[in-house]
Amino acid sequence: MKAMRIHAFDGPEGLQLDELDTPAPGPGEVLVHTRAAGINPIDWKTCAGGGASGFIDALPFCPGWECSGTVAALGEGVETLRIGDEVMGFIRFPHPAGCYADTIIAPAEQLCLRPAALDPVSAAGLGLAGLTAWQALFEVGHLKTGQSVLVLAAAGGVGHLAVQLAKWKGAYVIGTASAGNKGFLQSLGCDDTIDYTRQQVETLIHDADLIIDCVGGQTAIQALDCLNPHGQMITLPSVTAAEVMAAGAARDLKVSSMRARPDAAQLHELAMLASSGKVMLSIADTFALEEAAKAHHLSAHGHIRGKLVLTV
Ligand SMILES: NC(=O)c1ccc[n+]([C@@H]2O[C@H](COP(=O)([O-])OP(=O)(O)OC[C@H]3O[C@@H](n4cnc5c(N)ncnc54)[C@H](OP(=O)(O)O)[C@@H]3O)[C@@H](O)[C@H]2O)c1
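Residues numbered from 1 in each chain as written. Predicted model: local features only at pLDDT ≥ 70, side-chain atom pairs only at ≥ 80, totals over all residues. Heavy atoms only, no water.

The next thing to look at is helix H9 (residues 292-301). Regarding H9, the residues found buried are Ala-292, Ala-293, Ala-295, His-296 and Ser-299. Seen end-on, H9 carries its buried residues on one side only, within an arc spanning 155°. Downstream of H9 by one or two residues, Gly-302 has phi in the positive range, about 90°. (Buried < 20%, exposed > 50% of the residue type's maximum accessible area, 1.4 Å probe, protein only. Helix = DSSP H or I, 4+ residues; strand = E, 2+ residues; numbered from the N terminus. Arc of directions from axis to C-beta.)

Here's what the structure looks like:
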């Protein structure tokens, strides 16, 4: 089997294609021949020694926590999947999952069947960002119909799905992005859009019930002005979560951080929404597995519309 791996925490340039023996699935696991793997900011952060690197016991490390593919072998005790099933998953996070590979071993309980109407590339890119948005809005944020939601970085991987899921729930949604993404945000269903390069969101919005913060740092701290007194901000970038939460606490405002977790039932619900067209995954670009470093550079630039996906 082939896998893109780093042998030191030296960033995208360290990614190299390694030839490995194909492993066998253990109890509760399945072997999947992958068709595509999604890219997320945590991938390049981890390859540079940040992100989830604290969960890596030993190098080499193969990045990637989400993929689509075909089940090729079953481990002991697996009864929910069959050989030949087309599956998708957000797996093992934050522990290494190794999805930048043509073959992976995945926990069967973290995979769901890929709906036939959802193509393998979209299925691969849906898991991490989609479940982050889902869990932030519905589990941590307890979003209710009619509430107002402000999404900071609404055009990004998490943001563009958060906008659509909040609209699906019947919320009033405001999104921030640069001017070039205004039409994109409108196409997602945003009721209001703010160009963060020209306008300060904190001078315009003062009664948000929920803020999904995909930017962090000073941007998030300034956006606390947008919350109503009973509102809540969920800040996603872990590097600045402590300082944003401290700023919220100093003003008696509720700020939460969270880490997305694999949940196959939620992923299946999300996949059904995507396959029926109620939620759309925007694919900014696709790259061959061998081009992962190029995709990491693009992602690290911070202006991807939707998602990048590696094809196998
Ligand atoms: N805690 C967790 O479990 C968890 C899970 C997923 C992600 N995250 C973190 O959440 C953050 C967002 O992830 P992502 O995958 O959505 O990132 P992403 O796809 O890389 O975000 C790119 C988007 O950010 C926008 N953007 C950049 N600066 C902005 C600003 N100041 N204001 C508004 N928009 C801005 C860009 O829009 P323009 O091009 O218009 O500027 C672009 O569309 C990352 O830090 C990631 O690591 C955390």
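Still to come is the rest of the account.
Our next topic: the pairing of strand E4 (residues 66-74). Relative to E4, strand E3 (residues 29-39) is paired through seven bridges, and the arrangement is antiparallel. Residue pairing in the sheet places Ala-36 in a bridge with Ser-68 of E4. Here E4 runs beside strand E5 (residues 86-90); their pairing, made up of five bridges, is antiparallel. Along E5, the bridge assignment pairs Gly-69 with Val-87. (Pairing = 2+ DSSP bridges.)

Attention shifts here to the site of the ligand. Taken together, 24 residues lie around the ligand, and Ser-178, Tyr-196, Met-258, His-303 and Ile-304 are the ones closest in. Within the backbone of Gly-156, a nitrogen or oxygen atom sits 3.4 Å from an oxygen atom of the ligand. Between an oxygen atom of the ligand and a main-chain N or O atom of Ile-304, the distance comes to 2.8 Å. Alone, the ligand offers 940 Å² of accessible surface; in the complex the protein occludes 87% of this. Every element with two or more residues in the shell around the ligand is listed here: helix H1 (41-47), helix H2 (120-140), helix H3 (157-168) and strand E9 (172-177). Tallied by class, the residues present in the shell around the ligand amount to 14 nonpolar, eight polar and two charged. Shared between two domains, the shell around the ligand holds at least three residues of each, these being domain 1 (2-126 + 261-311) and domain 2 (131-257). (Near = heavy atom within 4 Å. Polar contact = N/O pair within 3.5 Å; in protein donor to acceptor, adjacent residues only side chain to side chain. Areas by Shrake-Rupley, 256 points an atom, 1.4 Å probe, with all protein chains shown as cover. Nonpolar A, V, L, I, M, F, W, Y, C, P; charged D, E, K, R; others polar. Domains from an automatic or database assignment.)

The next point concerns the UniProt feature "domain: Enoyl reductase (ER)" (unreviewed entry) in the chain. If you check UniProt for "domain: Enoyl reductase (ER)" (unreviewed entry), the listed places come out as residues 11-310 in our numbering. The straight-line gap between the two end C-alpha atoms of residues 11-310 is 17 Å; of that span, 30% is helix and 27% is strand. (UniProt positions renumbered as here; feature names shortened; annotations may be inferred.)

The final tally for this structure, using the stated rule, is zero disulfides. No disulfide involves Cys-62; its sulfur sits 7.5 Å from the nearest other cysteine sulfur, which is in Cys-99. By relative accessible area, which is 12% here, Cys-62 ends up buried. (Disulfide = S-S within 2.5 Å.)

Of note, the amide linkage connecting Leu-59 to Pro-60 takes the cis form, showing an omega dihedral of 0°. Along the polypeptide, Pro-60 turns up in the loop between H1 and E4. A positive phi angle, near 45°, is found at His-142, a position not held by glycine. Take His-142: it is sitting in the loop between H2 and strand E8 (148-152). In this structure His-142 comes out as partly exposed when scored by relative accessible area, which is 49%. Of note, the phi angle at Ala-153 is positive, near 75°, even though the residue is not glycine. Among the secondary structure elements, Ala-153 is positioned in the loop between E8 and H3.

Residue position: Asp-18 is located in strand E2 (residues 16-19). A relative accessible area of 9% means that Asp-18 is categorised as buried. Within the local environment of Asp-18, its side chain forms a polar contact with the side chain of His-7, the two groups lying 2.8 Å apart. Apart from the residues lying within four places of it in its own chain, the contact partners of Asp-18 are Met-1, Lys-2, Ala-3, Arg-5 and His-7. (Contact = heavy atoms within 4.5 Å.)

Going through the model one piece at a time under the given rule, you end up with 12 salt bridges. One salt bridge connects Glu-66 with Lys-307, and the closest N-O pair in it is separated by 2.6 Å. Within this pair, whereas Glu-66 is found in strand E4, its partner Lys-307 is found in strand E15 (residues 307-311), the two being separated by 241 residues in sequence. Lys-307 carries the same exposure label as Glu-66, and that label is buried. The closest approach of N and O atoms between Lys-167 and Asp-191, which form a salt bridge, is 2.9 Å. Remark: Asp-191 occurs in the loop between helix H4 (182-188) and strand E10 (192-195) and Lys-167 occurs in helix H3; sequence separation between them is 24 residues. A relative accessible area of 36% means that Asp-191 is categorised as partly exposed. (Salt bridge = Lys/Arg side-chain N within 4 Å of Asp/Glu carboxyl O.)

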